[in-house]
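Coordinate analysis (summary)
Letter by letter, the chains look like this.
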Amino acid sequence: PLALLALYEPLTGLVAIAAVAGVIVCLARTDLAVLALVAVAPVEEAIRLGGSTFLSVTKLLGALALVSFVLRALRSQRPLVLDGTQAIVLGILAVALVSMLAAAESAVTTAARYASFALVYVVVTQFAGEETFLRRVAWIVAGGATVAAAWGLANYFAGDAPVATVPGKDPGDFAFALATSLPLI
């Protein structure tokens, strides 16, 4: 199927082949899956797939990182690294899930978002002792924020947005993402 797509739509086929290769690499290497997730985090809402309001590249990469982590844990049979910060994050998640039971429907979305954050946090903390990985995370955060800032400024100067932001992203959330990455730049 990819070969036929490449034959009739060469650019689309090339992108599809690169995407499949990227997924395979990310499934084999959890660290690269996490780095890809970190790279797109500042522009999370701007990159939608197929015009979907629900499906974004960030959500797909987050799911890919979690699946990659599970496969890595099954392959390596290394014990999980557990620390106090994970207990705090998972404790807050437990409180959020319990409070969700008594709250309105919108609480489900918030709790699901926090659950995904908590799971990714557990994955990232598995690399806590690896300085090279942490250095790469810092570089990727800085690079992703720089690209996001350039994109936001381009939208502003082109007159596409009243403030510097990327499409679909709340300007306050965008500013927060850039400001929190500033110490790494």
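Residues numbered from 1 in each chain as written. Predicted model: local features only at pLDDT ≥ 70, side-chain atom pairs only at ≥ 80, totals over all residues. Heavy atoms only, no water.

Side note on a nonpolar patch on the surface
Residues Leu49, Phe54, Leu55 and Leu60 make up a contiguous nonpolar surface patch of roughly 350 Å² in combined accessible area. Exposure remark for leucine 55: the relative accessible area of 31% places this residue in the partly exposed category. (Patch = residues over 30% accessible without salt bridge, like charges linked within 9 Å, V, L, I, M, F, W, Y side chains within 5 Å. Areas by Shrake-Rupley, 256 points an atom, 1.4 Å probe, with all protein chains shown as cover. Salt bridge = Lys/Arg side-chain N within 4 Å of Asp/Glu carboxyl O. Buried < 20%, exposed > 50% of the residue type's maximum accessible area, 1.4 Å probe, protein only.)

Description of helix α4 (residues 57-76)
Taking 1.5 Å of rise per residue, the 20 residues of α4 would be expected to cover 28 Å, and the 28 Å separating its terminal C-alpha atoms lies within 8% of that figure. Those residues of α4 not exposed but buried are Val57, Thr58, Leu61, Gly62, Leu64, Ala65, Ser68, Phe69 and Arg72. What you see down the axis of α4 is that its buried residues fit within an arc of 160°, all on one side. Buried-residue contacts for α4 involve α2 (10-28), α3 (30-40) and α6 (106-125). Glutamine 77 occupies a position one or two residues after α4 and carries a positive phi of about 55°. (Helix = DSSP H or I, 4+ residues; strand = E, 2+ residues; numbered from the N terminus. Expected span 1.5 Å × (residues − 1). Arc of directions from axis to C-beta. Contact = heavy atoms within 4.5 Å.)

Regarding empty space enclosed by the protein
Following the criterion strictly, the structure yields one cavity of 30 Å³ or more and no others. In this model, the largest cavity occupies a volume close to 80 Å³. Along its surface, the largest cavity is lined by Phe69, Arg72, Ala73, Ser76, Arg78, Pro79, Leu80, Val81 and Gln126. The class makeup of the residues in the lining of the largest cavity is five nonpolar, two polar and two charged. (1 Å grid on protein atoms, 1.4 Å probe; cavity = no way out; pocket = protein on both sides within 12 Å on 5 of 7 lines; lining within 4 Å. Points joined across faces, edges and corners; volume = space filled by probe spheres on them. Nonpolar A, V, L, I, M, F, W, Y, C, P; charged D, E, K, R; others polar.)

Some points on the nonpolar core
Ranked by internal contacts, the top residues of the largest apolar core, which has 18 residues, are Val34, Val38, Leu61, Phe133 and Val137. Mapped onto this core, the elements with two or more residues apiece are α3, α4, α6 and α7 (131-157). The element contributing the most residues to this core is α3, with six residues. Setting aside residues no more than four positions away along its own chain, valine 38 makes contact with Val137, Ile140 and Val141. The next biggest cluster of nonpolar side chains, apart from the first, holds five residues, and it includes Val43, Ala46, Val166 and Phe174. (Core = buried A, V, L, I, M, F, W, Y, C linked by side-chain atoms within 4.5 Å.)

A few points about the packing of aromatic side chains
What the rule picks out here adds up to four aromatic pairs. Taking 5.6 Å as the distance between ring centres and 45° as the angle between the ring planes, the aromatic pair formed by tyrosine 114 and phenylalanine 117 counts as tilted. Within this pair, tyrosine 114 and its partner phenylalanine 117 are both found in helix α6, separated by three residues, close to a single helical turn. Note on phenylalanine 117: relative accessible area 44%, which makes it partly exposed. An angle of 40° between the planes, with centres 6.2 Å apart, marks the rings of phenylalanine 117 and tyrosine 121 as tilted. Taken together, the residues phenylalanine 117 and tyrosine 121, both in helix α6 and four residues apart, mark about one turn of the helix. Under the relative-accessibility criterion, tyrosine 121 is labelled partly exposed at 24%. Taken together, the ring pairs in this structure connect Tyr114, Phe117 and Tyr121 into an aromatic cluster. (Phe/Tyr/Trp six-rings, centres within 6.5 Å; stacked < 30°, edge-to-face > 60°.)

Quick look at α6
Compared with the 28 Å implied by 1.5 Å per residue over 20 residues, the 29 Å span of α6 between its first and last C-alpha is a close match. For α6, the complete set of buried residues consists of Ala107, Ala111, Ala115, Ala118, Val120, Val122, Val123 and Thr125. As for α6, its buried residues are in contact with α3, α4 and α5 (84-102).

With respect to the packing of α5 against α6
Two numbers describe how α5 lies on α6: the axes approach to 10 Å, and their chain directions differ by 165°. As summarised for this structure, α5 and α6 are arranged roughly antiparallel, according to the angle between their axes. Two packed elements cross with a definite hand, and for α5 against α6 that hand is left-handed. On α6, the residues touching Thr85, Gln86, Val89, Leu90, Ile92, Leu93, Ala96, Leu97 and Met100 of α5 are Ala107, Val108, Ala111, Tyr114, Ala115, Phe117, Ala118, Tyr121, Val122 and Thr125. Grouping the constituent residues of the contact of α5 with α6 by class yields 16 nonpolar, three polar and no charged. (Axes fitted to C-alpha atoms, helices over the stretch in contact; angles between N-to-C directions. Parallel < 35°, antiparallel > 145°, perpendicular 65-115°, else oblique. Left-handed = near helix turned anticlockwise from the far one by under 90°.)

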